[in-house]
Amino acid sequence: MATGAVGAVGAVDKREAILRAARTVFAERGYHATGISDIARELGAGHGTFYRYFKNKEDIARSVVSHALRQVSEALADEDPRSSQTLPQYREQVARIGNKLFDLVVAEPELCRILFYDAIAIDRADADFAGRVLESAAAFTAAFIHNGQDRGFLRRDVDAMVVGLAVNGMITTGALRLLHAPDPEAMREPWIHAVETLMFDGLGSA
């Protein structure tokens, strides 16, 4: 029994090691330019090791993206979509989430390159993968939009899911700029302020 348990732990560790190697190579080379041999070289192991845990490149890429999404979810795990009960609380929550996402992009640029570039590239074996990723992210944001609408902080005559996609688009575009910015910290306040302003005030000059 003990030997089996050790073997199971070893298998989990090896799978995680392959995921880490794949994440590094995908971030450096991009999904299409990466081959199994590149991942194996980064891992310091043969092809056989890779194929004991993953079917092919698409399989490991989906696993890497799913792992990256879990990291984003964990970064926001303590943000309850229904927790804000007043407009000041709601605006504070939006700013807090913005800062957490900003910190994640700066701390984990590899993760963001994988989410923003490679998730869309995984289409040969699973044409709907990128769409499911976008829909899942939009549904998460839409839960916060629903709270704002229910409490009267946001307009009710717009679809929360569509707004979620639009807000995520602003966040994604800002994050992509961060990946290439010489001084990412200088973008923090303008980026978060722009998202807040568009959410709460729109672009009209009243």
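The shown structure was predicted, so the numbers you read here are calculated from the model rather than taken from an experiment. (Residues numbered from 1 in each chain as written. Predicted model: local features only at pLDDT ≥ 70, side-chain atom pairs only at ≥ 80, totals over all residues. Heavy atoms only, no water.)

## Describing the overall build of the protein
Right, so step 1: Helix and strand counts for the protein come out as nine helices and zero strands.
Right, so step 2: Going residue by residue from the N terminus, the α and β elements of the protein occur as α-α-α-α-α-α-α-α-α.
Right, so step 3: Each of the 206 residues in the protein was classed as buried or not, and the buried ones make up 40%.
Right, so step 4: For the protein, restricting intrachain contacts to residue pairs at least 6 apart in sequence, the fraction spanning at least 24 positions comes to 68%.
Right, so step 5: Carbon and sulfur atoms make up 57% of the accessible area of the protein, which totals about 11400 Å². (Helix = DSSP H or I, 4+ residues; strand = E, 2+ residues; numbered from the N terminus. Buried < 20%, exposed > 50% of the residue type's maximum accessible area, 1.4 Å probe, protein only. Contact = heavy atoms within 4.5 Å. Areas by Shrake-Rupley, 256 points an atom, 1.4 Å probe, with all protein chains shown as cover.)

## Some thoughts on the nonpolar core
Right, so step 1: Residues Phe 26, Ile 60, Tyr 90 and Met 199 are the most contacted members of the largest nonpolar core, which totals 49 residues.
Right, so step 2: Looking at this core, the elements with two or more residues in it are helix H1 (2-29), helix H2 (36-43), helix H4 (57-75), helix H5 (87-107), helix H6 (109-121), helix H7 (129-150), helix H8 (160-180) and helix H9 (188-200). (Core = buried A, V, L, I, M, F, W, Y, C linked by side-chain atoms within 4.5 Å.)

## Some words on the side chain of Asn 147
Right, so step 1: Looking at the secondary structure, you find Asn 147 in helix H7.
Right, so step 2: Since its relative accessible area comes to 0%, Asn 147 is described here as buried.
Right, so step 3: Setting aside residues no more than four positions away along its own chain, Asn 147 makes contact with Pro 81, Arg 82, Ser 83, Ser 84 and Tyr 90.

## Observations concerning the packing of H8 against H9
Right, so step 1: Two numbers describe how H8 lies on H9: the axes approach to 10 Å, and their chain directions differ by 165°. By the angle between their axes, H8 is roughly antiparallel relative to H9. For the element pair H8 and H9, the recorded crossing hand is right-handed. Between H8 and H9, the residues in contact are Val 167, Met 170, Ile 171, Gly 174, Ala 175 and Leu 178 and Trp 191, Val 195, Leu 198 and Met 199, respectively.
Right, so step 2: Residue composition of the contact of H8 with H9, by class: nine nonpolar, one polar and no charged. (Axes fitted to C-alpha atoms, helices over the stretch in contact; angles between N-to-C directions. Parallel < 35°, antiparallel > 145°, perpendicular 65-115°, else oblique. Left-handed = near helix turned anticlockwise from the far one by under 90°. Nonpolar A, V, L, I, M, F, W, Y, C, P; charged D, E, K, R; others polar.)

## Considering the packing of H4 against H6
Right, so step 1: Two elements in contact, H4 and H6, have axes separated by 9 Å at closest approach and are oriented at 130°. With respect to their mutual orientation, H4 and H6 come out oblique. Once H4 is placed against H6, the crossing between them reads as left-handed. Only Leu 111, Ile 114, Leu 115 and Ala 119 of H6 make contact with H4, whose side of the interface consists of Val 64, Val 65, Ala 68, Leu 69, Gln 71 and Val 72.
Right, so step 2: In the contact of H4 with H6, the residues fall into nine nonpolar, one polar and no charged.

## Section: the pattern of salt bridges
Right, so step 1: Summed over all chains, the structure comprises eleven salt bridges.
Right, so step 2: As a salt-bridge pair, Glu 79 and Arg 96 come within 2.7 Å of each other at their nearest N and O atoms. In this pair, Glu 79 sits in the loop between H4 and H5 while Arg 96 sits in helix H5, placing the two residues 17 residues apart along the sequence.
Right, so step 3: Look at Glu 79 and you get buried, because its relative accessible area is 5%. (Salt bridge = Lys/Arg side-chain N within 4 Å of Asp/Glu carboxyl O.)

## As for the environment of Arg 41
Right, so step 1: Here Arg 41 shows up in helix H2.
Right, so step 2: Residue Arg 41 is classed as exposed on the basis of its relative accessible area of 59%.

## A look at H8
Right, so step 1: The first and last C-alpha atoms of H8 sit 31 Å apart over 21 residues, in line with the 30 Å expected at 1.5 Å per residue.
Right, so step 2: Residues of H8 that are buried include every one of Ala 160, Gly 164, Val 167, Asn 168, Gly 174, Ala 175, Leu 178 and Leu 179, and no others. Here the buried residues of H8 occupy an arc of 145° about the axis, which is enough to place them on one side. For H8, exposure combined with an orientation more than 90 degrees from the buried face picks out Val 162, Arg 177 and His 180.
Right, so step 3: Sitting at the head of H8, Asp 159 places a side-chain oxygen 2.8 Å from the backbone nitrogen of Met 161. (Expected span 1.5 Å × (residues − 1). Arc of directions from axis to C-beta. Polar contact = N/O pair within 3.5 Å; in protein donor to acceptor, adjacent residues only side chain to side chain.)

## Structural notes on H9
Right, so step 1: With 13 residues, H9 extends 18 Å between its outermost C-alpha atoms, agreeing within 8% with the 18 Å of an ideal straight helix rising 1.5 Å per residue.
Right, so step 2: If you check which residues of H9 are buried, you get Arg 188, Trp 191, Ile 192, Val 195, Glu 196, Met 199 and Phe 200. End-on view of H9: buried residues confined to an arc of 145°, all on one side of the axis.

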